[in-house]
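Secondary and tertiary structure notes
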Amino acid sequence: LQNTYANIQPEGKPCQIDFDFENRLLWKPFYSKKFPLPNSHLPSIQEPKLLYTDPNKQFSAELEEELLDTIKNSIRGWRRAPTSFRGDVSNRLYGILEQLEDVRLHGKSLSVDDCITRVDSITKGRLVFGMPLHFPFTDVKDVVNGVEFTAIHESKHPDVEFALAVRVFPYASNVLSVWIFICALSP
């Protein structure tokens, strides 16, 4: 018997759901004796052939630049104080972002200690407060809001400098994976 079932369990996370479709306390069938499955074939509403566009590398490169400029300008505006960015540190953080995307994409693991060691080797003994951020791209404002939410820009140290790296990884059908690495560096 083919049917469609509604989950009526209080749990919604897949790992907590009981998939016993025969249990009517957990699953409600769509088709029943009162509303039987039609004898004729139900047409699909899905397109017969799904078309995916190729990843747009040019757009992702342009978006990367736009995000970098917008986030830098936003940090300067939030701080309302002279704000400098360390290009040398930012360039090295940029390389870490590709490794993080690879970890995310292929389910590999990257220990916190390994990440800290990589950042420490880049920042040369400075006190670092920062983190990588990952976003599925929806719009620039959402990414900027995510960066602002970290409050990394609120450092009050008089000699604080910042490092910022942005990577946008393009996938089929205009799916974009955005990584930001933002750090406040203090002596």
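In this report, we go over the structure that sits alongside the text.

Rules used in this analysis
- Residues numbered from 1 in each chain as written.
- Predicted model: local features only at pLDDT ≥ 70, side-chain atom pairs only at ≥ 80, totals over all residues.
- Heavy atoms only, no water.
- Helix = DSSP H or I, 4+ residues; strand = E, 2+ residues; numbered from the N terminus.
- Buried < 20%, exposed > 50% of the residue type's maximum accessible area, 1.4 Å probe, protein only.
- Salt bridge = Lys/Arg side-chain N within 4 Å of Asp/Glu carboxyl O.
- Patch = residues over 30% accessible without salt bridge, like charges linked within 9 Å, V, L, I, M, F, W, Y side chains within 5 Å.
- Areas by Shrake-Rupley, 256 points an atom, 1.4 Å probe, with all protein chains shown as cover.
- Lys, Arg positive; Asp, Glu negative; His and termini not counted.
- Charge placed at Lys NZ, Arg CZ, Asp CG, Glu CD.
- Pairing = 2+ DSSP bridges.
- Core = buried A, V, L, I, M, F, W, Y, C linked by side-chain atoms within 4.5 Å.
- Contact = heavy atoms within 4.5 Å.
- Polar contact = N/O pair within 3.5 Å; in protein donor to acceptor, adjacent residues only side chain to side chain.
- Expected span 1.5 Å × (residues − 1).
- Axes fitted to C-alpha atoms, helices over the stretch in contact; angles between N-to-C directions.

This paragraph deals with unusual backbone geometry. Although it is not a glycine, Ala151 adopts a positive phi angle of roughly 65°. Within the element layout of this structure, Ala151 appears in the loop between α4 (140-150) and β4 (161-171). For Ala151, a relative accessible area of 25% corresponds to the partly exposed category. The phi angle at Asn174 is positive, at roughly 60°, despite the residue not being glycine. For Asn174, a relative accessible area of 53% translates into the label exposed.

Pairs may arise between side chains of opposite charge once their charged atoms sit close together. The final tally for this structure, using the stated rule, is 4 salt bridges. Residue Arg86 pairs with Asp88 through a salt bridge whose shortest N-O separation is 2.7 Å. Across the salt bridge formed by Arg86 and Glu161, the nearest N and O atoms sit 3.5 Å from each other. Placement of Arg86 in the loop between α1 (57-79) and α2 (87-106) and of Glu161 in strand β4 is noted, with a sequence separation of 75 residues between them. Taken together, the shared-partner salt bridges in this structure form one network comprising Glu64, Glu98 and Arg167.

The next subject is a negative patch on the surface. Where like charges cluster on the molecular surface, the negative patch consists of Glu11, Asp18, Asp20 and Glu22. Within the secondary structure, Asp18 sits in the loop between β1 (5-7) and β2 (27-29). Asp18 gets classed as partly exposed once you look at its relative accessible area, which sits at 37%.

With that out of the way, let us pick up the pairing of β4. Within β4, 9 of the 11 residues are buried, leaving the element largely enclosed by the surrounding structure. Across 11 bridges, the pairing between β4 and strand β5 (residues 175-186) is antiparallel. Each residue of the ladder has a partner; that of Phe169, found in β5, is Ser177. Connecting the antiparallel pair β4 and β5 is a turn made up of 3 residues, with Ser173 showing a positive phi of about 60°.

In terms of nonpolar packing, the biggest core is built from 23 residues, with Leu67, Ile71, Leu164, Val166 and Ile180 touching the most fellow members. Counting only elements with at least two residues in this core, the list comes to α1, β3 (127-136), α4, β4 and β5. If sequence neighbours within four positions are ignored, Val166 has contacts with Glu64, Leu67, Leu68, Ile71, Tyr94, Leu97, Trp179 and Ile180. Counting residues in each nonpolar core, the second largest holds 14 residues, with Val89, Leu93, Ile96 and Phe181 among its members.

Right, let's get into the side chain of Ser90. Along the polypeptide, Ser90 turns up in helix α2. Using a relative accessible area of 9% as the deciding quantity, one classes Ser90 as buried. Polar contacts involving the side chain of Ser90 include one to the main-chain carbonyl oxygen of Arg86, which spans 2.9 Å.

Our next topic: α1. Its 23 residues place the ends of α1 33 Å apart at the C-alpha level, agreeing with the 33 Å of an ideal helix rising 1.5 Å per residue. If you check which residues of α1 are buried, you get Ser60, Leu63, Glu64, Leu67, Leu68, Ile71, Ser74, Ile75 and Arg79. Buried positions along α1 lie against α2, α4, β4 and β5.

Now for the sheet that holds β4. Ordered by their spatial adjacency, 3 strands build an open sheet running β3-β5-β4, and the pairing between neighbours is antiparallel. Of all strands in the sheet, those with a lone pairing partner are β3 and β4, marking the two edges. Across the sheet, the axes of successive neighbouring strands diverge by a mean angle of 10°, strand direction being ignored. One ladder, built from 10 bridges, connects β3 with β5; its direction is antiparallel. By the bridge assignment for β5, Phe135 is matched with Val178. Contacting β4 and β5, α1 crosses the sheet at an angle of about 155° to β4. Running over the sheet, α4 touches β3 and β5 and is turned about 150° from β3.

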